[in-house]
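Okay, here's what each chain looks like letter by letter:
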Amino acid sequence: MKRIALTLIIALLALPAVAMAKTELVVVTDAPPKAMNPHAYSSDANLSYMSNFFDGLLQRPAPDGKLSPALAVKWERLDALTWKFELRKGVKFHNGNAFNAADVKFTFERMKDPQYSKLLNIANSIASIETPDDYTVIFKNVKPVPWFAETMHQNFIVDMESSKGRDDGDYNTKPIGTGAYKLVEWVKGSYVRMAANPDYWEGAPKYQTVDIRPITEEATRFAALAGKQADIVNGVPVSLIERIEKMPHVELISRPARRAIYMGMSNKAGTPFADIRVRKAIAHAINEDEIIDKVMRGQATAAAQVPDVPTVGYLPGLKRLPYDPALSKKLLAEAGYANGFDITVAGPNDRYVNDEKISEAVAKYLAKVGLKVKLDVKPKSLFFDELTDYKHSFYLIGWFDGSYDLGRSAEKLLHTPDKDKGMGTYNGGAYSDPEIDQMIIASSSIIDRAEREKALQAINKKSVDDVAWIPLHYQQDIYAVVKASGVQFTPRPDQWIVAKEIK
């Protein structure tokens, strides 16, 4: 008991000074922003912050994430390549500039520039943008993109007039959007302070001042909750749930997450991973039931595939390869690796729930079947840069698709890497299969929903059959709300913290 109290005191002392600053709402989350340029990163952690300062043409409000109007009031597909969006009138950016079609055109053209954007996948799908008047935008795609409109909640619109001449440093740190909140101050590693936009097109949000404080250390997040230093805590440590449940001042809110945690890998010729028997052996060596029970404390659901149920391409009935260390050793021997081989288990240590502990467990299981294992976990700020540079052959990563479409995911995660086309961006092991590549490209031209679903399910099944990745589990999103704050908080499917939705 004394040790627990001492840990809590140390964690409380570690809380940043801003914890004592008075704001109407304080939200603690488990990940900091990397930039205030809304297109600089496609991670949901960064997009979560951006959703407060910027709007997309569309939005996905809580609780179900249904695609809804935002800066566009209507949208329609005119033909296989053409989309028309009718824009909302009377909207202003934080600097007072009026929003119109020119801003939309500028935004998507800038998104094609790697200097400003990592959203090349969607930007490069656009062949041309027409603005017949100030409140109409017509996109012409290079090829059919069935999920084009489905991504418009996360392609945030910037102000053309001010963005053109801004210094890059200013552009990356001081957001000028149309969102419900304006940035007051960003102290890296400490807090993001926001003030309500009184002229917001949906009406001024409930809370006038909001702090979002990123705390990556679990003990310190727990201390913020125990010490009533936050109104909402996102990323509640699963190892501490039993203790949190006993706190009379706290309400726990949980919902099944869309995010799958999986092991990605290479199949590069000349390496052990090129042999499917090795990839299967690795899958059979991992005891996922034990990971859920011991590491995740039951706060996860075993996954047989990466897409979740709401995603087009999810295939009911897929089975995960069972835990079978004896079969794992047999397959390794058949592949010529009876004495094992060197393997590195890479991953982040501050991005997903218990990510480092999951990687440690995977390393332990592989060592038990005779592989010579090295563990390489590090902060996500380093890991994801290495991943996009294809430096890892075997790694832990999490994913859910904001477009609810496996086709978009497959282009990023399964397609042979092609930086110019924005393909394979997060295919860290550079897994490559010409047949899967062809299936992905072919599926992108299918517009009919039922036909498309069959095509994406075929991609899903082939990826599982070929052990292109090893699905582990779907996370459970867990939040804690301090009861005395009177906060009405409804979690979103994408786990974003959108302050305008908090009542």
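Q: How would you sum up helix 7 (residues 218-226)? Please name residues and give values.
A: Among the residues of helix 7, those classed as buried are Thr220, Arg221, Phe222, Ala223, Ala224 and Leu225. Directly beyond the C-terminal end of helix 7, a positive phi value near 55 degrees is found at Lys228.

Q: Which residues make up the sheet that holds strand 4 (residues 72-77), and what values go with them?
A: Taken together, the 4 strands give an open sheet; going across it, the order is 4-5-7-6, and neighbouring strands pair in antiparallel fashion. Looking at which strands have only one partner, the edges of the open sheet turn out to be strand 4 and strand 6 (126-133). The mean angle between the axes of side-by-side strands here comes to 20 degrees, regardless of whether they run parallel or antiparallel. Relative to strand 7 (residues 136-141), strand 5 (residues 82-87) runs antiparallel, the two sharing 5 bridges. By the bridge assignment for strand 7, Trp83 is matched with Phe139.

Q: Talk me through unusual backbone geometry; I want residue IDs and the actual numbers.
A: A cis geometry characterises the amide bond from Ala62 onward to Pro63, with omega recorded as 5 degrees. Its location among the elements puts Pro63 in the loop between strand 2 (58-59) and strand 3 (68-69). Unusually for a residue other than glycine, Arg297 sits at a positive phi of about 55 degrees. Position of Arg297 among the secondary structure elements: in the loop between helix 10 (288-295) and strand 13 (300-302).

Q: Lay out the pattern of salt bridges with the relevant residues and their values.
A: This model, assessed by the stated rule, comprises 25 salt bridges. Where Lys378 meets Glu386, a salt bridge forms, and the shortest distance between an N and an O atom there is 2.9 Å. For the pair shown, Lys378 and Glu386 are each scored as buried. One salt-bridge network, in which partners are shared between bridges, spans Asp44, Arg259 and Arg351.

Q: Talk me through the pairing of strand 4; I want residue IDs and the actual numbers.
A: As defined by bridge partners, strand 4 adjoins strand 5 across 5 bridges and the pair is classed as antiparallel. Pairing of Arg77 across the sheet is with Trp83, part of strand 5. Linking two consecutive strands that pair antiparallel, namely strand 4 and strand 5, is a turn of 4 residues.

Q: Describe helix 10, naming the residues involved and giving the relevant values.
A: Within the span of helix 10, buried status applies to Glu288, Ile291, Ile292 and Val295. Burial along helix 10 is one-sided: seen end-on, the buried residues are contained in an arc of 110 degrees. Away from its buried face, by an angle of more than 90 degrees, helix 10 presents the exposed residues Asp289 and Lys294. On its buried side, helix 10 packs onto strand 13, helix 12 (355-368) and strand 17 (469-482). Directly beyond the C-terminal end of helix 10, a positive phi value near 55 degrees is found at Arg297.

Q: Provide a residue-level description of the side chain of Gln305, including the pertinent values.
A: Looking at the secondary structure, you find Gln305 in the loop between strand 13 and helix 11 (325-334). On the accessibility criterion, Gln305 (3% relative accessible area) is buried. A polar atom in the side chain of Gln305 sits 2.8 Å from the backbone oxygen of Leu315. Within the local environment of Gln305, its side chain forms a polar contact with the side chain of Asn460, the two groups lying 2.6 Å apart. Ignoring any residue separated from it by four or fewer positions in sequence, one finds Gln305 in contact with Ala260, Gly313, Tyr314, Leu315, Leu318, Asn460, Pro471 and Tyr474.

Q: Describe the pairing of strand 10 (residues 209-214), listing the residues and the values that go with them.
A: Of all 6 residues in strand 10, 5 are buried, a share of seventy percent or more. As paired elements, strand 1 (residues 25-29) and strand 10 share 5 bridges and run parallel to each other. What sits directly across from Thr29, in strand 10, is Pro214. Across 4 bridges, the pairing between strand 9 (residues 191-196) and strand 10 is antiparallel. The residue bridging Met194 from the neighbouring strand is Val210, located in strand 10.

Q: An account of the layout of surface pockets is needed here, citing residue identities and associated values.
A: Roughly 810 Å³ of internal volume is contained in the largest pocket. Along the wall of the largest pocket there are 41 residues; nearest its centre are Ser42, Ser43, Lys118, Thr425 and Tyr426. Looking at the lining of the largest pocket, the elements with two or more residues in it are helix 2 (44-53), helix 4 (120-123), helix 13 (380-388), strand 16 (394-399) and helix 14 (406-413). Counting residues per element, the lining of the largest pocket draws most heavily on helix 13, at 5 residues. Its residues placed into classes, the lining of the largest pocket shows 16 nonpolar, 12 polar and 13 charged. Here the second largest pocket defines a volume of roughly 320 Å³. Taken together, 23 residues make up the lining of the second largest pocket; nearest its centre are Ala257, Asp308, Val309, Tyr314 and Tyr474. Those elements giving two or more residues to the lining of the second largest pocket turn out to be strand 12 (250-265), strand 13 and strand 17. With 4 residues, the top contributor of residues to the lining of the second largest pocket is strand 12.

Thresholds, definitions, all that
Residues numbered from 1 in each chain as written. Predicted model: local features only at pLDDT ≥ 70, side-chain atom pairs only at ≥ 80, totals over all residues. Heavy atoms only, no water. Buried < 20%, exposed > 50% of the residue type's maximum accessible area, 1.4 Å probe, protein only. Helix = DSSP H or I, 4+ residues; strand = E, 2+ residues; numbered from the N terminus. Pairing = 2+ DSSP bridges. Axes fitted to C-alpha atoms, helices over the stretch in contact; angles between N-to-C directions. Salt bridge = Lys/Arg side-chain N within 4 Å of Asp/Glu carboxyl O. Arc of directions from axis to C-beta. Contact = heavy atoms within 4.5 Å. Polar contact = N/O pair within 3.5 Å; in protein donor to acceptor, adjacent residues only side chain to side chain. 1 Å grid on protein atoms, 1.4 Å probe; cavity = no way out; pocket = protein on both sides within 12 Å on 5 of 7 lines; lining within 4 Å. Points joined across faces, edges and corners; volume = space filled by probe spheres on them. Nonpolar A, V, L, I, M, F, W, Y, C, P; charged D, E, K, R; others polar.

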